[in-house]
Amino acid sequence: GITITLPRLKDHSEDIPDLIDYFLCDYAIKNGHGFKVFDKSVIDFFTGYDWPGNVRQLLETVESLVALTPSSFISMKEATAYLNLQNGESGWHQRANSSRTFQERIRDFKRLLITQALARNENNISAAARELSLDPSNLGKMIKEAGMPAG
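Residues numbered from 1 in each chain as written. Predicted model: local features only at pLDDT ≥ 70, side-chain atom pairs only at ≥ 80, totals over all residues. Heavy atoms only, no water.

**Brief notes about the overall build of the chain**
This is how it is decided: Only runs of H or I of at least four residues qualify as helices and only runs of E of at least two qualify as strands under DSSP, and these elements are numbered from the N terminus. Only protein chains enter the accessibility calculation, which uses a 1.4 Å probe. A residue is then buried if its area is under 20% of the maximum for its type, exposed if over 50%, and partly exposed in between. Residues are treated as being in contact if the distance between any of their heavy atoms lies within 4.5 Å. Here the accessible surface of atoms and residues is derived via Shrake-Rupley with a 1.4 Å probe, and residues count as covered only by protein chains that are part of the display.
The number of helices and strands found in the chain is eight helices and two strands. Along the chain, from the amino end to the carboxyl end, the secondary structure elements read α-β-α-α-β-α-α-α-α-α. Here the chain holds 151 residues, and 37% of them are scored as buried. Within the chain, contacts between residues separated by at least 24 positions form 60% of all contacts whose residues are at least 6 apart in sequence. Summed over all atoms, the accessible surface of the chain reaches about 8,900 Å², with 54% contributed by carbon and sulfur.

Here it is, written out as C-alpha cells:
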C-alpha cells in the first residue's frame, strides 16, 4: 500500500491560521452547528505553539475545543485548559496508544469537562457545578478524586 507521511506542524506554522479557519468551517458544515470563532490570541498562541505532531493534532484540538465550548467564542481560557490537560497525564502521545482502557478515557474526558467548566466560571465550583448539572459537593469530590487543584 501507499504510505503518506504528513510533515510536522511546527515546520509549517505559517499555515496554522488558515488551517484553523478551514477546520472551523468544515466542522460547522459537517455537524450543522453554528460557526465558532477563535480569539486572535488563541490563533497567535497556536501559531507559536511547539506542536509535537502533525496537522491531525491541530484538527483534533480545534474539533475538541469547538465541541466542548458552549459559546461561539473560544478564548485562551478554553484553549490553555485543553492543552494543559492533553499535555498532562493524558498527553497526545499516550492518547494515540490503543492500550488505554475505556475507564481511563472516561476519566480523562470527565477531567476535561470539569477543567473547561471551571475555566469558564473563573474556578467557581458552584457556578461550574450548575453548568454541569451537578451538586457542588459532588463536583468538589470529583475534583479531589481526579487529583485536580481546587480553585
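**Observations regarding the confidence of the model for the chain**
Short version of the rule: On a scale of 0 to 100, pLDDT captures the predictor's confidence in every residue.
Here the chain averages 80 in pLDDT, while 83% of its residues score no lower than 70. The spread of mean pLDDT over the elements of the chain runs between helix α5 (residues 92-95), the lowest at 41, and strand β1 (residues 37-38), the highest at 92. pLDDT under 50 marks residues 89-98. Its contacts with residues more than four places away, or in other chains, come to 25 contacts.

**Some remarks on a negative patch on the surface**
Definition in use: By definition, no residue in a patch forms a salt bridge, and every one has over 30% relative accessible area; like charges are joined within 9 Å, nonpolar side chains (Val, Leu, Ile, Met, Phe, Trp, Tyr) within 5 Å. Each reported salt bridge corresponds to a side-chain nitrogen of Lys or Arg within 4 Å of a carboxyl oxygen of Asp or Glu. Only four residue types enter the charge count: Lys and Arg as positive, Asp and Glu as negative, with His and the chain ends excluded. All charge positions are set by atom: Lys at NZ, Arg at CZ, Asp at CG, Glu at CD.
Residues E14, D15, D18 and D21 make up a contiguous surface patch of negative charge. Checked against the element boundaries, E14 lands in the segment before α1 (16-31).

**Some remarks on helix α8 (residues 136-145)**
Quick reminder of the rule: To be clear, the arc concerns the directions from the helix axis to the C-beta atoms.
Along α8, the positions that sit buried rather than exposed are L139, G140 and I143. Each buried residue of α8 lies within a common arc of 105° when the element is viewed along its axis, so the set occupies one face. The outward face of α8, more than 90 degrees from its buried face, is lined by the exposed residues K144 and E145.

**Side note on a nonpolar patch on the surface**
On the surface, I2, I4 and L6 cluster together into a nonpolar patch covering about 350 Å² of accessible area. Structurally, I4 can be placed in the segment before α1.

**Some thoughts on the nonpolar core**
Note the threshold: For this analysis, a nonpolar core means a set of buried residues of the types Ala, Val, Leu, Ile, Met, Phe, Trp, Tyr and Cys, connected via side-chain atoms within 4.5 Å.
In this structure, I20, F38, F46, L58 and V62 are the most contacted members of the largest nonpolar core, which totals 22 residues. For this core, the secondary structure elements donating two or more residues are α1, α2 (40-48), α3 (55-68) and α4 (76-87). Contact partners of F38, with chain neighbours within four places excluded, come to I20, L24, I43, F46, V62, L65, V66 and I74. The next biggest cluster of nonpolar side chains, apart from the first, holds seven residues, and it includes A117, L118, A128 and I143.

**So, the side chain of T69**
This is how the line gets drawn: Side-chain atoms alone can form a polar contact between residues adjacent in sequence; in general such a contact is a pair of N or O atoms within 3.5 Å, and within protein one must be able to donate a hydrogen while the other accepts it.
Tracing the backbone through its elements, the reader meets T69 in the loop between α3 and β2 (73-74). A polar contact is formed between the side chain of T69 and the backbone oxygen of L65, at a distance of 2.7 Å. Dropping the residues within four chain positions of it, T69 is found in contact with K36, I74, E78, Q116 and R120.

**What about the pattern of salt bridges?**
Inspection of the entire model under this criterion finds three salt bridges. For the salt bridge of K40 with D44, the shortest nitrogen-to-oxygen distance reads 3.0 Å. One end of the pair is K40 and the other is D44, both in helix α2 and four residues apart, which spans about a single turn. Assessed through its relative accessible area of 57%, K40 is described here as exposed.

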